[in-house]
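# Overview (structure and organization)
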Amino acid sequence: SGINAEYGDFYREFNSCNFQSCLKRNFIAENARKAKAAPIRVDPMKIHDREVAKKKEEVTKSYQRGTVPDYLKERVSQWKEEERQRIANLPDPTVPEGHVVMDQKEKEETLSVLIKSKERLVTQLQNMPLRNDTLRLHNTRNELESKLSEIDDAIKIFSRPRVFIKQE
């Protein structure tokens, strides 16, 4: 009825035997035998601690002293690559703010176009008559000479090793 299942056997035996036979019984020895036969309950935390200790021991056995682990080698190479990219993306300190360095190929093409236009203007100037009797000839000669001086200045600029272009 309301008797605990663990103590059920004891109560049944105690009630079935007479008082004298129960007094002769050696309860201590019976308890010792039952304690030896009972399974040993182990704390789950102790089991977990043992497993962790085993794993740690396995790791230390496989560890090679004096060698750098692969993941650290990869991390170092990744850091070097990031640093290289950071340096490559830094603005050039020699370039003025708001300007960009012109490509060498583009600079050479512009220079060749300027030289050809200078040659064309010089031939036009040479084909003009020597006398400047009319106002129109005088103005044309002045206009050609001013264009020629502008082209000479542009050729000086594009002849430099680095040409800076203002960004818009």
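Provided above is the structure to which this section pertains.
In this text the structure is predicted, and so the values were computed from the model without any measurement.

## Brief notes about the pattern of salt bridges
Counted according to the given criterion, the structure contains five salt bridges. Across the salt bridge formed by arginine 84 and glutamate 81, the nearest N and O atoms sit 2.5 Å from each other. In this pair, arginine 84 and glutamate 81 both sit in helix α5 (residues 70–89), three residues apart, roughly one turn of the helix. On the basis of relative accessibility, which here comes to 48%, the residue arginine 84 falls in the partly exposed class. Measuring nitrogen to oxygen at the nearest pair gives 2.1 Å for the salt bridge that ties aspartate 133 to arginine 131. One exposure class covers both aspartate 133 and arginine 131, and it is exposed.

## Regarding the environment of valine 122
Inspection of the secondary structure assignment puts valine 122 in helix α6 (residues 104–127). Between the C-alpha atoms of valine 122 and glutamate 145, which are 23 residues apart in sequence, the distance is 8.8 Å.

## Comments concerning the side chain of serine 117
Locating serine 117 in the fold gives a position in helix α6. Of note is the side chain of serine 117, whose polar atom sits 2.9 Å from the backbone oxygen of leucine 114.

## Describing helix α4 (residues 44–62)
Across its 19 residues, α4 extends 27 Å between first and last C-alpha, which sits within 8% of the 27 Å expected from 1.5 Å per residue. Where burial is concerned, little of α4 is hidden: zero out of the 19 residues are buried.

## Regarding the environment of glutamate 108
Tracing the chain through its elements places glutamate 108 in helix α6. The class of glutamate 108 is partly exposed, set by a relative accessible area of 48%. C-alpha of glutamate 108 to C-alpha of phenylalanine 158: the two residues are 50 residues apart in sequence and 7.9 Å apart in space.

## With respect to the nonpolar core
Counting residues in hydrophobic clusters, the biggest one holds 13 residues, and the most contacted among them are Leu114, Leu121, Leu125, Leu144, Ile151, Ile155 and Phe158. Those elements giving two or more residues to this core turn out to be α6 and α7 (135–158). The element that contributes the greatest number of residues to this core is α7, accounting for six residues.

## Notes on a nonpolar patch on the surface
On the surface, a nonpolar cluster with roughly 290 Å² of combined accessible area is contributed by Ile40, Val42 and Ile47. Inspection of the secondary structure assignment puts isoleucine 47 in helix α4. Classification of isoleucine 47 as partly exposed rests on a relative accessible area of 38%.

Rules used in this analysis
Residues numbered from 1 in each chain as written. Predicted model: local features only at pLDDT ≥ 70, side-chain atom pairs only at ≥ 80, totals over all residues. Heavy atoms only, no water. Salt bridge = Lys/Arg side-chain N within 4 Å of Asp/Glu carboxyl O. Helix = DSSP H or I, 4+ residues; strand = E, 2+ residues; numbered from the N terminus. Buried < 20%, exposed > 50% of the residue type's maximum accessible area, 1.4 Å probe, protein only. Polar contact = N/O pair within 3.5 Å; in protein donor to acceptor, adjacent residues only side chain to side chain. Expected span 1.5 Å × (residues − 1). Core = buried A, V, L, I, M, F, W, Y, C linked by side-chain atoms within 4.5 Å. Patch = residues over 30% accessible without salt bridge, like charges linked within 9 Å, V, L, I, M, F, W, Y side chains within 5 Å. Areas by Shrake-Rupley, 256 points an atom, 1.4 Å probe, with all protein chains shown as cover.

Don't take any of this as a statement about function, it's just geometry.
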